[in-house]
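# Chains, contacts and geometry: an overview
As a plain string of letters, each chain reads:
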Number of protein chains: 4
Amino acid sequence: MARTRTYTWNDPRELDKLGRGMDGLEFTRHLLDAGEEGRMPIASTIGFRLAEVERGRVVLVGEIGEHLYNPIGMVHGGVAATLLDSAAGSAVHTTVPAGVGYTTLDLTVHYLRPITADTGAVRAIGTVLNRGRRTALANAELRDSADRLLAHATSSCMVFDQP
Amino acid sequence: MARTRTYTWNDPRELDKLGRGMDGLEFTRHLLDAGEEGRMPIASTIGFRLAEVERGRVVLVGEIGEHLYNPIGMVHGGVAATLLDSAAGSAVHTTVPAGVGYTTLDLTVHYLRPITADTGAVRAIGTVLNRGRRTALANAELRDSADRLLAHATSSCMVFDQP
Amino acid sequence: MARTRTYTWNDPRELDKLGRGMDGLEFTRHLLDAGEEGRMPIASTIGFRLAEVERGRVVLVGEIGEHLYNPIGMVHGGVAATLLDSAAGSAVHTTVPAGVGYTTLDLTVHYLRPITADTGAVRAIGTVLNRGRRTALANAELRDSADRLLAHATSSCMVFDQP
Amino acid sequence: MARTRTYTWNDPRELDKLGRGMDGLEFTRHLLDAGEEGRMPIASTIGFRLAEVERGRVVLVGEIGEHLYNPIGMVHGGVAATLLDSAAGSAVHTTVPAGVGYTTLDLTVHYLRPITADTGAVRAIGTVLNRGRRTALANAELRDSADRLLAHATSSCMVFDQP
């Protein structure tokens, strides 16, 4: 039986333009406060949103649904990777001043427990471990509502002056 | 300005049930031949499909669109991770006999070039590097239409008898 | 000018035999208490030793010297990898009962600061993040005497009944 | 029973000084041709040497011995990490012009088969996968004399103008 889903998002160029005038912490807080309005497209597509923002630490909440399934009966590993990458990257973002950009260099994910529609809401907690001059290292944990660790990631980002 | 997208997928439990009666190569070829019918939910959500399947090697094609953007003006890193995880995992899947399952243990992604809506279609090529008794190692490359490497991944899977 | 170094170690088969009669925590504590006598060969070759052992957490101390240099004026990246792998693996070892073995599946190292002979003693702190039935995930930090993070690793191990 | 080993190496500052006047390919070839004289300290400590050098690809040969053992009856995982890091890093080194340095950002190792003193000589083959303006990605394979894959690594390096 086929299922249908309809969803909306906002022009990501407007978000990007807005972000260039703010430092990363201010911008990420703006996205948090804007709620649905501030949702980046991928967050609407997958189904996650910012829940907590402070300097060096960001929490996302993901809503697990059948639209995220792989063909072997569970949520696709790319979903955990997306939430973890987002949490780690956003945590790094909160440490960059205005006029400075960042880009993810690498992401390493370890999968610990299967995720299914029964898992319910999940939280991805991203934390900066080290903020160097040109790179930053962060980790991220994906946890279920019983606080069990579902997946874990480390990620490094490059930090650079924006053109 | 808000955008809206509507899409459909099929009950993933039917795919999973079907898969348990086939070996992994047969099942992955079935998904390829079934086209839209065989699309797993996440493939409809993100926008990718199987393009080539042989033992130990699988190619996916992804359609990049604005629905995959992050708030800093490019495609979210989780999208490359999803395509690479799928390609690597599917390549491993083609090596497992009927009654044997697999699950991803880890995924390491390196991001080499930004992906934008202008990138057009991308290909993810997954290849098994080593097939041990209990684990398998695969890599995957994400390439644009000019065959430039956009991102690269290695992934290991655990192989186990299905309950 | 050529330098010469002479060092000693003990038959590793004796250590291995001893370890098979103990659980992992008991064995790792035995190695700590035995001091020079309990040094595994690689620890003598590189120059590190156990400093703290508890269930799920192990600290190693490494002595940095010129014998660890690469040809571009600093300590070779393999040295940090060795200390981090040892710390993470030993932390996992403290969680396995007698008759159960473990082996490292993967190790991901991020290098944050160069290490030179001036760095002095370094500490590698390994901590178990998750202990599943068949796998365990640990991280490890390499820190200098001023507690600055020099390198960081995550590692997963497979846990299995010994033959 | 205690074993003793004595070995020698050369002042690494002389190698580093020499390297700064050459491009990376020239320097790595110089180290190959110099044989024992060109051995970096870590290569003497662990026991490996350059065997093949071309632009973007380097092969090392390692001599496995008891001095590399961990306390659980096999070669320590740090040894494979050291050989793989060296092969990947040296391959990147062959792509940098004079006056330009490189440093390893990250290393991900997958362990596929145990290595023991019976393994004999091993080869580490490093290959550059992508050479960007500021970073380079390489992989490395560790193979035994029967060409079986023992371990596999990917590594990214940062490339920068030397001070």
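This text goes with the structure placed above it.
These lines cover the structure that appears in this document, whether it is placed above or below. Quantities reported herein were computed from a predicted structural model and do not represent experimental measurements.

As a further point, take the interface of chain A and chain B. Of the residues lining the interface, 49 residues belong to chain A; the matching set on chain B comes to 49 residues. For the pairing of chain A and chain B, the buried interface totals around 4200 Å² over both sides, and the portion due to carbon and sulfur atoms is 59%. Ranking the residues of chain A by area buried against chain B places Arg3(A), Trp9(A) and Pro71(A) at the top, with a combined share of 15%. Here chain A is connected to chain B by two salt bridges. Here Arg3(B) and Asp11(A) are joined by a salt bridge, their closest N and O atoms 3.5 Å apart. Counting every contact that joins chain A to chain B gives 21 residue pairs in polar contact (both at pLDDT 80 or more). When residues of the side of chain A that touches chain B are traced back to their parent elements, those giving at least two are strand S1 (2–10), helix H1 (12–19), helix H2 (24–34), helix H3 (41–46), helix H4 (77–93) and strand S4 (100–111) of chain A.

Attention shifts here to helix H1 (residues 12–19) of chain B. Residues and elements named next belong to chain B. Burial in H1 covers these residues: Pro12, Leu15, Asp16 and Gly19. All buried residues of H1 fall inside an arc of 95° around its axis, so they share one side. Exposed residues on H1 whose side chains face more than 90 degrees from its buried face are Arg13 and Lys17. Near the N-terminus of H1, the side chain that reaches the backbone nitrogen of arginine 13, with its oxygen 2.9 Å away, is that of aspartate 11.

Across the boundary between the two partners, chain C contributes 49 residues, which contact 49 residues of chain D. Summing both sides of the interface, chain C and chain D together bury roughly 4200 Å²; the carbon and sulfur share of this comes to 59%. Summed over the three residues of chain C that lose the most area to chain D, namely Arg3(C), Trp9(C) and Pro71(C), the buried surface amounts to 16% of that side. Counting every contact that joins chain C to chain D gives two salt bridges. Taken together, the connections running from chain C to chain D amount to 21 residue pairs in polar contact (both at pLDDT 80 or more). Broken down by secondary-structure element, the contributors of at least two residues to the side of chain C that touches chain D are strand S1 (2–10), helix H1 (12–19), helix H2 (24–34), helix H3 (41–46), helix H4 (77–93) and strand S4 (100–111) of chain C. Looking at the side of chain C that touches chain D residue by residue, the class counts come to 23 nonpolar, 17 polar and nine charged. Bridge count between S1(C) and strand S1 (residues 2–10) of chain D: nine bridges; the pairing is antiparallel. Across the sheet, Trp9(C) pairs through a bridge with Arg3(D), a residue of S1(D).

Here we take up the relation of the copies chain A and chain B. Screw-axis analysis of chain A against chain B gives a translation of 0.0 Å along the axis, an RMSD of 0.0 Å, and a rotation angle of 180°. Those values place the two copies in the arrangement expected of a two-fold rotation axis. Comparing contact sets, 100% of the residues at the interface of chain A also lie at the interface in chain B, consistent with an isologous, same-surface contact.

Thresholds applied
Residues numbered from 1 in each chain as written. Chains lettered and ligands numbered in written order. Predicted model: local features only at pLDDT ≥ 70, side-chain atom pairs only at ≥ 80, totals over all residues. Heavy atoms only, no water. Contact = heavy atoms within 4.5 Å. Buried area = accessible area lost by both parts, 1.4 Å probe. Salt bridge = Lys/Arg side-chain N within 4 Å of Asp/Glu carboxyl O. Polar contact = N/O pair within 3.5 Å; in protein donor to acceptor, adjacent residues only side chain to side chain. Helix = DSSP H or I, 4+ residues; strand = E, 2+ residues; numbered from the N terminus. Buried < 20%, exposed > 50% of the residue type's maximum accessible area, 1.4 Å probe, protein only. Arc of directions from axis to C-beta. Nonpolar A, V, L, I, M, F, W, Y, C, P; charged D, E, K, R; others polar. Pairing = 2+ DSSP bridges. Least-squares fit on C-alpha atoms with pLDDT ≥ 70 in both.

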